[in-house]
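# Notes for the structure review
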Amino acid sequence: PKDLALRRRDVLNLYKEIEQKKMDTRHVALRVSLPTFEEALRLYYPKDSKEKIGLLIKWINDLLAAKEATQEARTREADAALILQLDADGSNTISIAEFCELSKRTGLSKANMRARFRDKDFGNAGILSVEQMREVLQELRAEQRLRPNKNESLDLESFAGLRGAGDLGADTPG
């Protein structure tokens with residue numbers, strides 16, 4: 001519905017505010033319970049029907065799922081490019097020497113990188129498959145050791161089509 005499309009920016013800001021407050025641990029220390037997103041929508045739009053609230057929640061959930069899928073695809077592409085870059089000999093496998101080149105991006109010592117290599121090199125073949133290398137990259141990312149490419153992050157407003165390039169919050173119809 002058209003009236004719901006006009007609310008997207010407000011709904012997105014409300015969602016982000018609630019998520020930010022969830023991250024802030026002060027409410028836990030004060031023993032204050034935070035409203036759910038649905039409860040906040042009902043307070044923000046008290047005259048809306050359950051159906052309208054449901055549509056707004058569905059829109060946010062769809063937006064988040066699409067953003068996550070896009071980020072996962074970008075991560076897979078970045079991993080593939082990094083693996084290709086590390087595979088200096090073009091063998092479609094990563095040797096320990098090639099693997100240790102990751103130490104520059106992770107900040108880990110070469111000794112630590114060699115230990116990680118041995119943990120993944122199950123057959124002691126001295127090489128890792130592309131799939132094993134992807135697992136290592138996922139682990140490093142989970143440990144926040146692999147520095148993400150600055151161009152990889154997605155701004156939720158931009159992804160929702162509520163902000164164009166260079167737009168610093170100016171209202172645009174969504």
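Located above this text is the structure these notes cover.
Residues numbered from 1 in each chain as written. Predicted model: local features only at pLDDT ≥ 70, side-chain atom pairs only at ≥ 80, totals over all residues. Heavy atoms only, no water.

## Re the environment of T106
Inclusion rule: Counting from the N terminus, the helices are the DSSP runs of H or I reaching at least four residues and the strands are the DSSP runs of E reaching at least two. We call a residue buried when its accessible area falls under 20% of the maximum for its residue type, exposed when it is over 50%, and partly exposed in between, using a 1.4 Å probe and counting protein chains only. Any pair of N or O atoms that falls within 3.5 Å is considered a polar contact. Within protein, one atom must be able to donate a hydrogen and the other to accept it, and sequence-neighbouring residues count only if both atoms are side-chain atoms.
With respect to the helices and strands, the residue T106 is situated in helix α7 (residues 103-106). We classify T106 as buried; its relative accessible area is 4%. Placed 38 residues apart in sequence, T106 and Q144 show a C-alpha to C-alpha distance of 8.7 Å. Among the polar contacts listed, one links the side chain of T106 to the backbone nitrogen of L108, at a separation of 3.1 Å.

## Observations regarding the packing of aromatic side chains
Note on aromatic pairs: each is described by the distance of the centres and the angle between the planes. Rules: Stacked, tilted and edge-to-face are the three classes applied to pairs of Phe, Tyr and Trp rings, where Trp contributes its six-membered ring and a pair requires centres within 6.5 Å; stacked means planes under 30 degrees apart, edge-to-face means over 60, and tilted covers the rest.
Under the defined criterion, the tally for this structure stands at three aromatic pairs. Ring centres of Y15 and F37 lie 5.3 Å apart, and the angle between their planes is 90°; on these two criteria the pair is classed as edge-to-face. Of the two residues, Y15 is situated in helix α2 (residues 8-23) and F37 in helix α4 (residues 37-44); the sequence distance between them amounts to 22 residues. The exposure class assigned to Y15 is buried, which follows from its relative accessible area of 14%. Geometrically, the ring pair formed by F99 and F117 is edge-to-face, given 5.4 Å between the ring centres and 65° between the ring planes. With F99 in helix α6 (residues 96-100) and F117 in helix α8 (residues 110-120), this residue pair connects regions lying 18 residues apart in the sequence.

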